[in-house]
Structures are given as structure tokens and as C-alpha cells.
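Single-letter residue listing:
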Amino acid sequence: MTSPVYVALDTTDVAQAAALATGLKGLVAGVKLGLEFFSYCGPRGVEAIADLGMPLFLDLKLHDIPNTVAGAMRGVAKLAPRLTTIHASGGFAMMQAAAEAAREGAAKANRSATKVLAVTVLTSLDQPAMAEVGFGGTVLDQVKRLAELAQKAGVDGLVCSPHEVAHVRDVVGSDMTLVVPGIRPAWAEAGDQKRFMTPKEALKAGADLLVIGRPITGATNPADAARRIAEELR
Ligand SMILES: O=c1ccn([C@@H]2O[C@H](COP(=O)(O)O)[C@@H](O)[C@H]2O)c(=O)[nH]1
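In short, a report on the structure. Remember, it's a predicted structure, so these values are computed and weren't measured experimentally.

Every one of the 16 residues lining the ligand counts as a neighbour, but Asp10, Lys32, Thr123, Arg184 and Arg214 are closest to it. Contact between the ligand and Gln193: an oxygen atom at 2.8 Å from a side-chain N or O atom of the residue. Between Gly213 and the ligand, the recorded distance is 2.8 Å, taken from a backbone N or O atom to an oxygen atom. For the ligand, the accessible surface in isolation is 460 Å², of which the surrounding protein chains cover 87%. Counting atoms within 2 Å of the grid points, the majority share of the ligand lands in the largest pocket. Secondary-structure elements contributing two or more residues to the shell around the ligand are strand S3 (56–62), strand S8 (209–212) and helix H9 (214–217).

Structure, rendered in C-alpha cells:
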């Protein structure tokens, strides 16, 4: 079975990210670089990891007015990741502008387009945390609402927790890529994740790709942890 796992390299250091990526080559589907890495290492750091030749997910979770997000997305497109993210709560026009900018960037470079994924509700939020920021309804309803809106805006996929993935699949059908963080093997600590499941449960619920960070990167032997997850998925 080909691995469905993108490993989150949440580090401030290019050399550390490169060493982790190299050690995990062949054991994971690709690597995910996020805000922590990008804040410290910038586009040049991303290029250094891209040069290792593994599929790249650049998870910047863009969220601003449409014009600003489109501009940032043109920059992202130059880095040519396979996948990237925006926040669905930025609204329809923002998502539409981001998707368009990604497609235009790819067309200009004559390559296949970066898939734009809309993040629905962060996996670190539970129902009380949502109420704190003024959402009266359920997490599930909010995720489904944003999923529908994102699909209408023309994005390629969604990020949601394993708790909602089956429901999201019912709403958007089979065309959209569903990427699921909030993954915790039974032997790993939850940390700040609130809506999580094991890798096997998440795949069974309908995830296309899983994002796993600390259970792998924080292990004494990251390659062994990745192998253990692969075993559990078999
Ligand atoms: O809702 C979301 C969206 C993105 N993430 C990102 O995934 C990884 C998860 O890392 P762990 O160490 O496995 O918790 C991290 O990079 C987040 O930025 C998410 O967790 N939830």
C-alpha cells in the first residue's frame, strides 16, 4: 500500500527538516512545511526541501482579503508545491481568488496546478473553543457549511478532522481531496489536538491523505515511528 501520510516538519531549521525528510523518504507520501518553518526559513528554505525530490505540501493557511491572498498565492505558485492551504472562513471571494491565482501560476510555468485546500475548522478546536469565538452551532455543521462553500468557490480539496471526514465526503462527493490532520496513533500523546483519531480510523472514515507530525518527528527514531504507522495501516 502506498503511504497516505504527509509528515509535518514543524521545525525552525532547514538542516533539521532536510535530515528528517531524508530519513523518512520511502516511508511517507511526502513532507508538509508550515508556518513555523516558513517564518524562519522562508521561500529559500522551502526550495531547499523541495530539492530533495519528495512531494511537497506547503501549509500556509492563507487568510486575508481576496486581493492579498491572490498575491500571496502567486508567490506560493512559484514554489510549485503539490498542495497548499487557505482558510475557508476567509469567505467565498477569497477562496475563488486563491484558486484562480494558483491555476494561473501553474499555467504560466506550464506545470500541473498546485491543489488548493480549504481548511474548515482547525483540529485543535473543540465545541467550547468554538463557542468562545462566537460560533453558536455545532463543529460538524460549521465544517459542512464551509466545505460546501469551498467547493462552490472552486478549490480542489478540504482539510478537516477525522471526526467530520465521512460527513464531508457525503456533502462534496468524490471529486475533492480530503486531507486530515489530527491523527494520533494509540501510543502517541494528543498534545493540543482536540478532534483526533488513529491513522486507521481516519482512513476508514474516508480520508485521502493523513497529516502526521509529532508522533513521527518527536519520536526517538522517526523512521521507526513511520514504519510502525505503516504497519498499523496494513
Ligand atoms: O486543522 C488543522 C490544520 C492543520 N494542521 C497542521 O497539521 C500538523 C499536525 O501536526 P501534529 O504534530 O501531528 O499535531 C501541524 O503542522 C498543523 O499545523 C492541524 O494540525 N490541524
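Below, the discussion takes up the pairing of strand S5 (residues 115–119). Within S5, four of the five residues are buried, leaving the element largely enclosed by the surrounding structure. As judged from the five bridges shared by strand S4 (residues 83–87) and S5, these two strands associate in the parallel manner. Its bridge partner being in S5, Thr85 is matched across the sheet by Leu117. Note on the crossover from S4 through helix H4 (residues 92–108) to S5: the handedness is right-handed. Sheet analysis places S5 next to strand S6 (residues 157–159), joined by three bridges and oriented parallel. Within the sheet, the bridge partner assigned to Leu117 lies in S6 and is Gly157.

Moving on, we get to the sheet that holds strand S1 (residues 5–8). Spatially, the eight strands close up into a barrel ordered S1-S2-S3-S4-S5-S6-S7-S8, and their pairing is parallel. Averaged over all pairs of adjacent strands, the angle between their axes in this sheet comes to 25°, without regard to strand direction. On top of the sheet, H4 reaches S3, S4 and S5; it is set at about 160° to S4, its chief contact.

The next thing to look at is the pairing of S3. Of all seven residues making up S3, six are buried, and the element is well covered by its neighbours. Direction of pairing for strand S2 (residues 30–34) relative to S3: parallel, over a ladder of four bridges. Pairing of Lys32 across the sheet is with Phe57, part of S3. Here three bridges tie S3 to S4, and the two strands are oriented parallel to one another.

What follows is about helix H6 (residues 139–153). The first and last C-alpha atoms of H6 sit 21 Å apart over 15 residues, in line with the 21 Å expected at 1.5 Å per residue. Within the span of H6, buried status applies to Val139, Gln142, Val143, Leu146, Ala147, Ala150 and Ala153. Considered in projection along H6, the buried side chains sweep an arc of 135° and stay on one side of the axis. Along H6, the residues that are exposed and aim more than 90 degrees away from the buried face are Arg145 and Lys152.

This next bit is on the nonpolar core. Grouped together as the largest cluster of nonpolar side chains are 60 residues, with contacts concentrated most on Met73, Ile86, Met95 and Leu158. Those residues within four positions of Ile86 in sequence are excluded, and the remaining contacts are Lys61, Leu62, Val69, Met73, Met94, Met95, Ala98, Val116, Leu117, Ala118, Val119 and Val155. Core analysis: the second largest hydrophobic core is formed by ten residues, Phe57, Val159, Val179 and Val211 among them.

Another aspect to go through is the environment of Met130. Within the secondary structure, Met130 sits in helix H5 (residues 127–132). We classify Met130 as buried; its relative accessible area is 3%. What Met130 contacts, discounting residues up to four positions off in sequence, is Val121, Leu125, Phe135, Val139 and Gln142.

Right, let's talk about unusual backbone geometry for a bit. Not every positive phi belongs to a glycine, and Ala80 is a case in point at roughly 50°. By the secondary structure assignment, Ala80 is in the loop between helix H3 (66–79) and S4. Phi is positive for Asn110, which is not a glycine, with a value near 55°.

Take the packing of aromatic side chains next. Within this structure, the stated rule accounts for one aromatic pair. Between Tyr6 and Phe57, the ring centres sit 6.0 Å apart and the planes meet at 80°, which makes this aromatic pair edge-to-face. Taken together, the positions of Tyr6 in strand S1 and Phe57 in strand S3 put the pair 51 residues apart, joining distant regions of the chain. Sitting above the plane of the Phe57 ring, Lys32 keeps its charged end 5.9 Å from the centroid.

Conventions used here
- Residues numbered from 1 in each chain as written.
- Predicted model: local features only at pLDDT ≥ 70, side-chain atom pairs only at ≥ 80, totals over all residues.
- Heavy atoms only, no water.
- Near = heavy atom within 4 Å.
- Polar contact = N/O pair within 3.5 Å; in protein donor to acceptor, adjacent residues only side chain to side chain.
- Areas by Shrake-Rupley, 256 points an atom, 1.4 Å probe, with all protein chains shown as cover.
- 1 Å grid on protein atoms, 1.4 Å probe; cavity = no way out; pocket = protein on both sides within 12 Å on 5 of 7 lines; lining within 4 Å.
- Sits in = over half its atoms within 2 Å of the grid points.
- Helix = DSSP H or I, 4+ residues; strand = E, 2+ residues; numbered from the N terminus.
- Buried < 20%, exposed > 50% of the residue type's maximum accessible area, 1.4 Å probe, protein only.
- Pairing = 2+ DSSP bridges.
- Right-handed = clockwise from strand over helix to strand, strands pointing away.
- Axes fitted to C-alpha atoms, helices over the stretch in contact; angles between N-to-C directions.
- Contact = heavy atoms within 4.5 Å.
- Expected span 1.5 Å × (residues − 1).
- Arc of directions from axis to C-beta.
- Core = buried A, V, L, I, M, F, W, Y, C linked by side-chain atoms within 4.5 Å.
- Phe/Tyr/Trp six-rings, centres within 6.5 Å; stacked < 30°, edge-to-face > 60°.
- Lys NZ or Arg CZ within 6 Å of the ring centre and 35° of its normal.

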